[in-house]
Amino acid sequence: MRTNFLSQQFNASSLAENSTACPANATICDGTSCILPEDNFNETLSVVLSTVLTIMLALVMFSMGCNVEIKNFLSHIKRPWGIFVGFLCQFGIMPLTAFLLSLAFNILPIQAVVVLIMGCCPGGTTSNVIAYWVDGDMDLSISMTTCSTLLAMGMMPLCLFIYTKMWTDSDAIVLPYDSIGISLVALVIPVSFGIYVNHKWPSKAKIILKIGSIVGAVLIVLIAVVGGILYKGSWIISPKLWIIGTIFPAAGYSLGFLLARVAGLSWHRCRTVSLETGMQNTQLCSTIVQLSFTPEQLELMFTFPLLYSIFQLLFALLILGGYRLYRRHRVKTKTDVKKTEQKEDSKSNAKINGGFVSDEMK
């Protein structure tokens, strides 16, 4: 951890009058200048919020596991066509899209690298929450998130080696395998408990699922707010990166849905693959960037993961809103058609049987 210092000036007369003019926490006091340690409020806030978010995420993933049935989950593992399509989207479409966007906008090499790192990251756990709200296949969603996180240990180095050669030496990028492993454990353990609860106590699992889905929605908003608080001073970023940060997640959602549909998956699985493709593990991307680059380089690229995370959430919420409107309209239309058919059947029966037809039916 790099320690920065703030310098505070004091005039010579005040020092002459009072030898204790320097604050008690000053590390160096030389003549007219004292050096104070940096206020660590943001660091403390970051630790506290990270702890809270981790606990909330574990509870959310536990509740999402309560919607997974063992036999359906195992069927995806035994016949992994949906997982394979998701794999092509995650480690085929996303890195290639990142590469093409970097070329198209002719951004700086260091900025191209961070875009590619984002494209090579595995899927994020937020996709599981959104997949639940859009009536996606939760068994497929969780199996895809788990498999992409596990496969990232091998696929991330391979994709970065292929796509970053023209901008930087791939050996310069440090992959935090411990963070990937922790993400995998934090995903698998709560979900496993949730699956067990659903198997043993299905009625209780439904209650937990409803509570968890609400907590998940709060968590999504909280992550966005926390990002704004902790990185409020880091929004000086190239306009080209703003454009890429907007286009990239939208392209991921669209191309993921298209490939899933071409592969013959059902509509609810297409929605699932789409969300798993567009939603990346932005926390992992931030970790890789901080471990791999100097402070001068970070000034040009550090905010991009946060930018991507904001737009991926924004587009996901738009997808959710659009789906909910479509579902409401579709259910209403189906109800109206059913009522009309019942009314017509009543009319025809009355004519055939010679029965009385009321004024309301005419």
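All residue numbers refer to position in the chain's written sequence, counted from 1. Whole-chain, interface and lining totals are the exception, using all residues; otherwise, since this is a predicted model, local features are given only for residues with pLDDT of at least 70 and side-chain atom pairs are given and counted only at 80 or more. In computing side-chain properties, one takes all heavy atoms of the structure into account and sets aside hydrogens as well as water.

Looking at an unreviewed UniProt entry, one finds the protein chain named Ileal sodium/bile acid cotransporter, with Menura novaehollandiae as its source organism. UniProt positions are given in the numbering used here, feature names are shortened, and annotations may be inferred rather than shown by experiment. What UniProt states about the protein chain under its Sequence similarities (unreviewed entry) heading is, verbatim, "Belongs to the bile acid:sodium symporter (BASS) (TC 2.A.28) family."

**Things to note about helix α10 (residues 239-262)**
Starting at the N terminus, helices and strands are each numbered in turn, a helix being any DSSP run of H or I of at least four residues and a strand any DSSP run of E of at least two. In this scheme, a helix's expected span is set at 1.5 Å multiplied by one less than its residue total. In a regular helix each residue adds 1.5 Å, so 24 residues correspond to 34 Å; α10 covers 34 Å between its end C-alpha atoms and thus fits that length. The set of residues buried in α10 consists of L241, I244, G245, F248, P249, A251, G252, Y253, G256 and A260. Positive backbone phi, approximately 90 degrees, marks G264, located one or two places after α10. Burial classification: accessible surface area is computed with a 1.4 Å probe over protein chains only, and a residue below 20% of its type maximum counts as buried, one above 50% as exposed, and the rest as partly exposed.

**Digging into the packing of helix α5 (residues 109-120) against α10**
Pairs of packed helices are described in terms of their axes, by the angle between the two and the distance that separates them. In the contact formed by α5 and α10, the axes pass within 12 Å of each other and the chain directions differ by 15 degrees. When the axes of α5 and α10 are compared, the pair comes out roughly parallel. In the crossing of α5 with α10, the sense of the turn from one axis to the other is right-handed. Residue-level inspection shows Q111, V115, M118 and G119 of α5 in contact with α10, the latter providing L241, I244 and F248. Grouping the constituent residues of the contact of α5 with α10 by class yields five nonpolar, two polar and no charged. Under this scheme, a helix contributes an axis fitted over its contacting stretch, all axes are lines through C-alpha atoms, and angles between N-to-C directions fall in the 0 to 180 degree range. Reported orientations rely on four angle classes, namely roughly parallel under 35 degrees, roughly antiparallel over 145, roughly perpendicular from 65 to 115, and oblique for the rest. Two helices that cross are described as forming a left-handed crossing if the nearer one is turned anticlockwise from the farther one by less than a right angle, and a right-handed crossing if clockwise. The contact rule is simple, with two residues in contact once any of their heavy atoms fall within 4.5 Å. Classification convention: Asp, Glu, Lys, Arg as charged; Ala, Val, Leu, Ile, Met, Phe, Trp, Tyr, Cys, Pro as nonpolar; all other residues, Gly among them, as polar.

**Concerning the UniProt feature "transmembrane region" (unreviewed entry) in the protein chain**
On the UniProt side, "transmembrane region" (unreviewed entry) is annotated at positions that read residues 45-63, 83-105, 112-134, 140-163, 175-195, 207-229, 241-260 and 306-326 here. A helix fraction of 100% and a strand fraction of 0% characterise residues 83-105, whose end C-alpha atoms lie 32 Å from each other. With 74% helix and 0% strand, the stretch residues 112-134 has end C-alpha atoms that lie 33 Å from each other.

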